Amino acid sequence: MYSVVGVRFKKAGKIFYFDPLDLPVQKDDSVIVDTARGLEYGTVVIGKRDVSEDDVVLPLKKVIRVANEADAVLVEGNKAAAKDAFGICQVKIREHNLKMKLVDVEYTFDRNKIIFYFTAEGRVDFRELVKDLASVFRTRIELRQIGVRDEAKLLGGIGPCGRILCCSSFLGDFEPVSIKMAKDQNLSLNPTKISGLCGRLMCCLKYEHDNYESAKDELPRVGRMVMTSLGSGKVIGLKPNDRIAKVHLFEQNRVMELPVDDVVEQD
C-alpha cells in the first residue's frame with residue numbers, strides 16, 4: 001500500500017497523486033510538489049489515504065512542503081506576468097503571419113518555463129516564433145497545440161443548459177462521447193442540439209448512458225408487438241430511466257404510457 005494525496009493544479013483539472021511523506025498535509029491545503037516539469041503549486045483535493053500499487057503510477061513524485069503566503073504571492077505574480085506574455089505573443093503571431101489562435105499562457109511555478117496554448121486547423125511551423133519569444137522572455141518556451149474541447153475547458157462559458165460548462169467547473173478528464181449515446185437516449189440528432197460550445201458532442205451525453213445501457217435488457221424494443229393489461233399494441237417509444245413504454249393500443253386506437261412490467265413482447 002502507498003500513502004498518497006490527490007493534487008489539482010487548475011480548477012477542474014486532472015488529479016495527480018503524490019507522496020505526502022511525513023508532512024501534515026490536509027485536504028484544501030496548498031502545496032509545493034515535484035513534477036515532471038519542475039516545482040509546481042497545487043491544491044490538495046483528496047486527503048491522505050492508502051491505495052494499492054495498481055491505483056498509482058510509480059515512482060510517486062513527492063510533496064516538497066506545504067505552501068506559504070510568499071508562494072501564493074508568487075503564483076499571483078506569475079498569473080499577472082502570463083497576461084502580459086499573452087499580449088506580447090499575440091503581437092508576435094501576427095508579425096510572423098501564423099494561422100494559429102492563442103488560447104492561454106501559463107508560467108511554471110519557478111518561472112523556469114512559459115507555456116503558450118494555442119489551437120490551429122493544421123500543423124504550424126512556429127520555430128521562428130519560439131526563437132522570437134525566447135529572446136523576449138529569456139526563459140524556456142513551450143508552444144502546445146490543444147483541441148477545441150481543451151480550449152473550452154480553459155476559457156469556460158455557459159452551456160445550452162444555462163450552467164457553467166462541466167469541463168471548466170468539475171470534469172477532470174474528458175471521456176469519449178459518441179453519437180450512439182444520443183441515439184440510445186432518443187435525443188434529436190440535430191448537431192446544434194447535442195453539441196457543446198466547443199462544437200463537439202456534449203459531455204453530459206455520457207452521464208446517464210450507463211443507465212440506458214443497463215435498461216436495454218429489461219425494456220421492450222421499439223417497434224415490437226406487445227401484450228398489456230389493456231390489450232395488444234405496438235411499442236412506439238421508451239422512457240428508460242422511468243421504466244415506461246409508450247404503447248399504441250390497437251383496440252382503443254390510442255397511445256398510453258405503461259410501466260414496463262405491464263408490457264410483454266410477443267413472439
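Residues numbered from 1 in each chain as written. Predicted model: local features only at pLDDT ≥ 70, side-chain atom pairs only at ≥ 80, totals over all residues. Heavy atoms only, no water.

## Here we look at unusual backbone geometry
Then comes step 1: Leucine 58 connects to proline 59 through a cis peptide bond whose omega is 0°.
Then comes step 2: Among the secondary structure elements, proline 59 is positioned in the loop between strand 4 (38-51) and strand 5 (63-66).
Then comes step 3: Of note in the backbone geometry, arginine 111 takes a positive phi value of approximately 60° without being a glycine.
Then comes step 4: Relative to the helices and strands, arginine 111 resides in the loop between strand 6 (101-107) and strand 7 (113-119).
Then comes step 5: On the basis of relative accessible area, arginine 111 is assigned to the partly exposed category, the value being 35%.
Then comes step 6: Despite not being glycine, arginine 243 shows a phi value in the positive range, around 55°.
Then comes step 7: Note that arginine 243 resides in the loop between strand 10 (231-239) and strand 11 (244-249).
Then comes step 8: Here arginine 243 falls in the partly exposed class, since its relative accessible area comes to 33%. (Helix = DSSP H or I, 4+ residues; strand = E, 2+ residues; numbered from the N terminus. Buried < 20%, exposed > 50% of the residue type's maximum accessible area, 1.4 Å probe, protein only.)

## Looking at the pattern of salt bridges
Then comes step 1: Scanning the entire structure with this criterion turns up 20 salt bridges.
Then comes step 2: A salt bridge links aspartate 125 to arginine 127; the shortest N-O distance between them is 2.8 Å.
Then comes step 3: The exposure class assigned to aspartate 125 is partly exposed, which follows from its relative accessible area of 47%.
Then comes step 4: Using a relative accessible area of 57% as the deciding quantity, one classes arginine 127 as exposed.
Then comes step 5: Close ionic contact of lysine 239 with glutamate 257 constitutes a salt bridge, the shortest N to O distance being 3.0 Å. On the criterion of sequence distance, the pair formed by lysine 239 in strand 10 and glutamate 257 in strand 12 (residues 254-259) is long-range, its members being 18 residues apart.
Then comes step 6: Linked through salt bridges whose partners overlap, the residues forming this network are Lys10, Arg37, Glu40 and Glu106. (Salt bridge = Lys/Arg side-chain N within 4 Å of Asp/Glu carboxyl O.)

## Notes on the nonpolar core
Then comes step 1: With 19 residues, the main nonpolar core has Met100, Phe116, Leu133, Phe137 and Leu143 as its most contacted residues.
Then comes step 2: The element best represented in this core is helix 1 (residues 69-95), accounting for five residues.
Then comes step 3: Residues Val226, Val235, Ala245 and Val247 belong to the second largest nonpolar core, which totals eleven residues. (Core = buried A, V, L, I, M, F, W, Y, C linked by side-chain atoms within 4.5 Å.)

## Digging into the side chain of lysine 92
Then comes step 1: Within the secondary structure layout, lysine 92 lies in helix 1.
Then comes step 2: Taking the relative accessible area as the measure of exposure, lysine 92 reaches 16% and is therefore buried.

## Remarks on the packing of aromatic side chains
Then comes step 1: Under the counting rule described, the total for this entry stands at five aromatic pairs.
Then comes step 2: Pairing phenylalanine 116 with phenylalanine 137 gives two aromatic rings, centres 6.2 Å apart and planes at 45°, and the pair type is tilted. Of this pair, phenylalanine 116 sits in strand 7 while phenylalanine 137 is found in helix 2 (residues 127-137), placing the two residues 21 residues apart along the sequence.
Then comes step 3: Accessibility expressed as a relative area gives 0% for phenylalanine 116, which makes it buried.
Then comes step 4: For phenylalanine 137, a relative accessible area of 16% puts it in the buried group.
Then comes step 5: Ring geometry for phenylalanine 118 against phenylalanine 126: centres 5.7 Å apart, planes inclined by 80°, an arrangement best described as edge-to-face.
Then comes step 6: Assessed through its relative accessible area of 1%, phenylalanine 118 is described here as buried.
Then comes step 7: Here arginine 111 stacks its cationic end above the ring of tyrosine 107, 5.0 Å away from the centre of that ring. (Phe/Tyr/Trp six-rings, centres within 6.5 Å; stacked < 30°, edge-to-face > 60°. Lys NZ or Arg CZ within 6 Å of the ring centre and 35° of its normal.)

## Let's talk about the environment of lysine 216
Then comes step 1: Relative to the helices and strands, lysine 216 resides in the loop between helix 7 (209-215) and strand 9 (225-228).
Then comes step 2: Along the sequence, lysine 216 and arginine 163 sit 53 residues apart, while their C-alpha atoms lie 30 Å from each other.
Then comes step 3: Beyond its immediate stretch of four places on either side in the chain, lysine 216 contacts Lys180 and Asp184. (Contact = heavy atoms within 4.5 Å.)

## Points about the pairing of strand 3 (residues 30-35)
Then comes step 1: By the bridge criterion, six bridges tie strand 3 to strand 4 in an arrangement that is antiparallel. Following the sheet pairing, valine 31 is matched in strand 4 by glycine 42.
Then comes step 2: Following strand 3, the chain reverses through two residues before pairing antiparallel with strand 4.
Then comes step 3: In the sheet, strand 3 pairs with strand 5 via three bridges, with the strands oriented antiparallel. Paired with valine 33 across the bridge in strand 5 is valine 63. (Pairing = 2+ DSSP bridges.)

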